Amino acid sequence: MGHSPVSLGTFPTPVEPAPRLAAALGLGPEDLWIKRDDLTGLGGGGNKIRKLEWTVGAALAEGADTLVTTGAPQSNHARLTAAAAARLGLAAVLVLRGAPGASRSGNLALDGLFGARIAWAGEVDQAGLDDAAAEVCARLRADGARPALIPFGGSAVPGARGYVRCGEELDEQLPELRTVVVALGSGGTMAGLVAALGTGSVLGVDVGALADPAAAVARFAAPLTTEEVTAEGLRVRRDQVGAGYATLTGPAAEALRLAARTEGLVLDPVYTARALAGLRAAVADGDVRPGEKTVFVHTGGLPGLFGHADAVAFAEAGAAVFEG
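Below or above, wherever it landed, is the structure these notes cover. Being a predicted model, the structure only gives us computed values, none of them experimental.

Some words on the nonpolar core
Generally speaking, soluble globular proteins have nonpolar side chains that are buried together.
Link 1 in the chain: Ranked by internal contacts, the top residues of the largest apolar core, which has 34 residues, are Leu21, Leu32, Leu276, Leu279 and Phe296.
Link 2 in the chain: Mapped onto this core, the elements with two or more residues apiece are helix H1 (19-25), strand E2 (32-36), strand E7 (177-184), strand E8 (202-206), helix H9 (250-263) and helix H10 (272-284).
Link 3 in the chain: At seven residues, H10 tops the list of elements feeding residues into this core.
Link 4 in the chain: Counting residues in each nonpolar core, the second largest holds 29 residues, with Tyr163, Val182, Val194 and Leu224 among its members.

Written out as structure tokens, the structure reads:
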């Protein structure tokens, strides 16, 4: 490993029963549990903190004074990279796809509050975003700074170690669990869980962040386990992407409302709502069955809800007028 993780979060996160949501999904009242990784503490919480403990730990070991990372405008990872930099007395530059002005809400508002600088990369693909980040790092070095480039989504083998720890927590908290359901974005979260719990125990719901997310999971998980991990051997659902990563799909909107109205649980429109929609579909087709312990990993992302115009409109429309 070459370095130790830096402490950024509050662990272990709790595991809570969700009997009303379970019943709504067609599971038994004791079948469904929520792993509250939205309660990790720093900067509004979320799963990226576990990864940042390792990736930022490596940056500190290398003497970095500036954290640079990439993402979409409402990136949870970018928000928490900015928060980690603030806590550790480092500078942060976020290289984001798109252009300024479309939104000043959600994660972008918190990015500014944490003091991050934003470099807008325009409408580029991931390769273009990587090129823009490399250029930012070169400019920072030319100015005498010592930048460290944190991987997209925090997902790399070191970052995935943070979710090995999460899997170990789950093994202690609910040793009889059968399936862990998690949103699959850049791959590191699922990879760590697979390394800790085995390929058969983890169901990833693709959110559309990568063209081939299963390959990323296999690449990050393989060095962390003695089990052979292949993309083909993973449990991955790809039926929740809809029109694309940034869109609010019908099933995700229904999942947002269902979690809120059964458990007072707030999901985000891109990741956790899709993951719950995927769990709902998995129960419907028998991949997840009543009588077995299922854990839904709430990976956070609440601030992103407020930066997603369609999700905000959907949520507000749900408030009925009291007629007296």
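Observations regarding the environment of Leu39
Link 1 in the chain: One can find Leu39 in the loop between E2 and helix H2 (48-61).
Link 2 in the chain: For Leu39, a relative accessible area of 39% translates into the label partly exposed.
Link 3 in the chain: Measuring from C-alpha to C-alpha, the distance between Leu39 and Pro14 comes to 8.2 Å, with 25 residues separating the pair along the chain.
Link 4 in the chain: Residues in contact with Leu39, not counting those within four places in the same chain, are Thr10, Thr13 and Pro14.

Details of the side chain of Lys51
Link 1 in the chain: Tracing the sequence through the fold places Lys51 in helix H2.
Link 2 in the chain: Buried within the structure, Lys51 lacks any salt-bridge partner; its nearest side chain of opposite charge belongs to Asp37, at an N-O separation of 9.7 Å.
Link 3 in the chain: Of the polar contacts made by the side chain of Lys51, one reaches the side chain of Thr189; its length is 3.1 Å.
Link 4 in the chain: Beyond its immediate stretch of four places on either side in the chain, Lys51 contacts Gly153, Gly154, Ser155, Gly159, Tyr163, Ser186, Gly188 and Thr189.

The rules behind the values
Residues numbered from 1 in each chain as written. Predicted model: local features only at pLDDT ≥ 70, side-chain atom pairs only at ≥ 80, totals over all residues. Heavy atoms only, no water. Core = buried A, V, L, I, M, F, W, Y, C linked by side-chain atoms within 4.5 Å. Buried < 20%, exposed > 50% of the residue type's maximum accessible area, 1.4 Å probe, protein only. Helix = DSSP H or I, 4+ residues; strand = E, 2+ residues; numbered from the N terminus. Contact = heavy atoms within 4.5 Å. Lys, Arg positive; Asp, Glu negative; His and termini not counted. Salt bridge = Lys/Arg side-chain N within 4 Å of Asp/Glu carboxyl O. Polar contact = N/O pair within 3.5 Å; in protein donor to acceptor, adjacent residues only side chain to side chain.

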